[in-house]
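# Tertiary structure, described
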Amino acid sequence: MDLTVLYRGPLASCDYDCPYCPFAKRRDSREQLRADRAALERFAAWAAAREGEDRLSVLFTPWGEALVRSWYRRALAELSRLPHIRRVAVQTNLSCRTDWLDGADPDTLALWCTYHPGQTPYDRFLGKCRDLGARGIRFSVGIVGLDEHLEAARRLRADLPGHVYLWVNAAEGHVYTDEEAARWTALDPLFPFSRHPHRSAGLPCRTGESVVSVDGDGTVRRCHFVRSGLGNLYDGSYRAALGPRACPLAVCDCHIGYVHLESLPLYDVFAGGVLERIPAGYPDPVPGFGSAGSRTPHGADPFPGSRSAPYADPAPEAGSGAGPGCSGSGDQSGRRSGRFGST
């Protein structure tokens, strides 16, 4: 079976204090960290043992920052080297050390990185991106589409190499004028998909069939936003529940949710890079980013074939204003609550 798993354990601590995030500077107790480590190691052991049974793609979507914890770095590196793991990726603020990547397979590992202006010096973040590029690691970089972030986003797009996709998440609760949306779309041609929530009620979705979410105790759900369970990962009871099903929520306004809607073209748009949020047509990283000649000239489109036509701006739904923090869990109305700005 080909299965995509979004894993989120109990980890909630983060080293940043972004004003748009309820988990800013939250600290886990030693007992909570031990519980998270045990849950993560149990999940990694399950994934490793699926060789010969399943081909897995895994995205870690933590409430907090995972890569400052050694057990996440180790699990990612080890899973990346297994033959039945197609992709293993993680959402991160990139505040962590990067030498652990020496033990990972860059053909399998990928990072979904978010830049939070004001939380880390710009040059430090860009330096981490340069390091990823030098190692040949596949990664995307994103930012929350707040007015005060616009200049930082433009600077990022100018300084990042052409093979790095810069994505923009619509800010929680913000309704964008066409003029504002045009500014962000100039940086991220796919911003229109984030600008408005997507109607999902009754529409087919890959979640619950080929995509599932798993929490720290092994409860399997179709996605992070539908709370009804399908069974448990570790006793295998979820497998009998897998199958095509329509979305029960009114709207879906989180990328890690709506990317799986069959009514949207995003599996084609992100072919080969759904988990790490990298569109098709973006080449693999060129080791040595930062050296002379490694950057695409500013203003040039390095992928004219993949971005030759603008994407239509989807019609807004009730409650428009897709938010930056859609890695959080949602209630039955489809509203998000959780980690803002990392997805």
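Residues numbered from 1 in each chain as written. Predicted model: local features only at pLDDT ≥ 70, side-chain atom pairs only at ≥ 80, totals over all residues. Heavy atoms only, no water.

## Some details on the pairing of strand β3 (residues 85-92)
Among the 8 residues of β3, 7 are classified as buried, and the element is accordingly described as predominantly covered. In this fold, strand β2 (residues 55-60) hands off to helix α2 (residues 70-80), which returns the chain to β3; that crossover is right-handed. One ladder, built from 5 bridges, connects β3 with strand β4 (residues 109-114); its direction is parallel. Note that in β4 the partner of Thr92 across the bridge is Cys113. (Buried < 20%, exposed > 50% of the residue type's maximum accessible area, 1.4 Å probe, protein only. Helix = DSSP H or I, 4+ residues; strand = E, 2+ residues; numbered from the N terminus. Right-handed = clockwise from strand over helix to strand, strands pointing away. Pairing = 2+ DSSP bridges.)

## Remarks on the environment of Glu276
Turning to its location among the elements, Glu276 is positioned in the loop between α8 (266-269) and β14 (329-330). Using a relative accessible area of 1% as the deciding quantity, one classes Glu276 as buried. Measuring from C-alpha to C-alpha, the distance between Glu276 and Cys113 comes to 8.8 Å, with 163 residues separating the pair along the chain. Leave out the neighbours within four places in its chain, and Glu276 touches Arg87, Ala110, Leu111, Trp112, Arg138 and Ser140. (Contact = heavy atoms within 4.5 Å.)

## Let's talk about the nonpolar core
Counting 66 residues, the largest nonpolar core has Phe60, Leu111, Val141 and Trp184 as the members making the most contacts within it. When residues in this core are grouped by element, the largest group, 7 residues, is from helix α1 (residues 30-49). Excluding anything up to four places from it in sequence, Leu111 contacts Leu67, Val90, Thr92, Leu94, Leu132, Ile137, Arg138, Phe139, Ser140 and Glu276. With 30 residues, the next largest nonpolar core counts Leu6, Ala89, Leu264 and Val274 among its residues. (Core = buried A, V, L, I, M, F, W, Y, C linked by side-chain atoms within 4.5 Å.)

## What about the sheet that holds strand β10 (residues 219-223)?
One open sheet holds the 9 strands; their spatial order is β6-β5-β4-β3-β2-β1-β9-β10-β11, and the pairing between them is mixed. Looking at which strands have only one partner, the edges of the open sheet turn out to be β6 (166-170) and β11 (226-232). Taken over all neighbouring pairs, the strand axes of this sheet differ in orientation by 25° on average, direction set aside. With 2 bridges joining them, strand β9 (residues 211-215) and β10 adopt antiparallel strand pairing. Looking across to β10, one finds that Ser213 is bridged to Arg221. (Axes fitted to C-alpha atoms, helices over the stretch in contact; angles between N-to-C directions.)

## A closer look at the packing of aromatic side chains
Tallying each qualifying case throughout the model produces 11 aromatic pairs. Centre to centre, the rings of Tyr176 and Phe191 are 5.2 Å apart; their planes meet at 80°, and the pair counts as edge-to-face. On the criterion of sequence distance, the pair formed by Tyr176 in the loop between β6 and α5 (178-187) and Phe191 in helix α6 (residues 191-195) is long-range, its members being 15 residues apart. The pair formed by Tyr176 and Phe191 is uniform in burial state, with each residue classed as buried. Through pairs of rings, three or more aromatic residues link up here, namely Tyr7, Phe43, Trp46, Phe60 and Tyr72. Sitting over the ring of Tyr267, Arg206 keeps its end group 3.7 Å from the ring centre. (Phe/Tyr/Trp six-rings, centres within 6.5 Å; stacked < 30°, edge-to-face > 60°. Lys NZ or Arg CZ within 6 Å of the ring centre and 35° of its normal.)

## Some remarks on α1
Taking 1.5 Å as the rise per residue, α1 with 20 residues should run 28 Å; its terminal C-alpha atoms sit 28 Å apart, in good agreement. By the burial criterion, the buried members of α1 are Leu33, Asp36, Ala39, Leu40, Phe43, Ala44, Trp46 and Ala47. Viewed end-on, α1 has its buried residues packed into an arc of 160°, placing them on one side of the element. Relative to its buried face, α1 has exposed residues pointing more than 90 degrees away, namely Arg30, Glu31, Arg34 and Ala49. The secondary structure elements touched by the buried residues of α1 are β1 (2-8), β2, α2 and β3. (Expected span 1.5 Å × (residues − 1). Arc of directions from axis to C-beta.)

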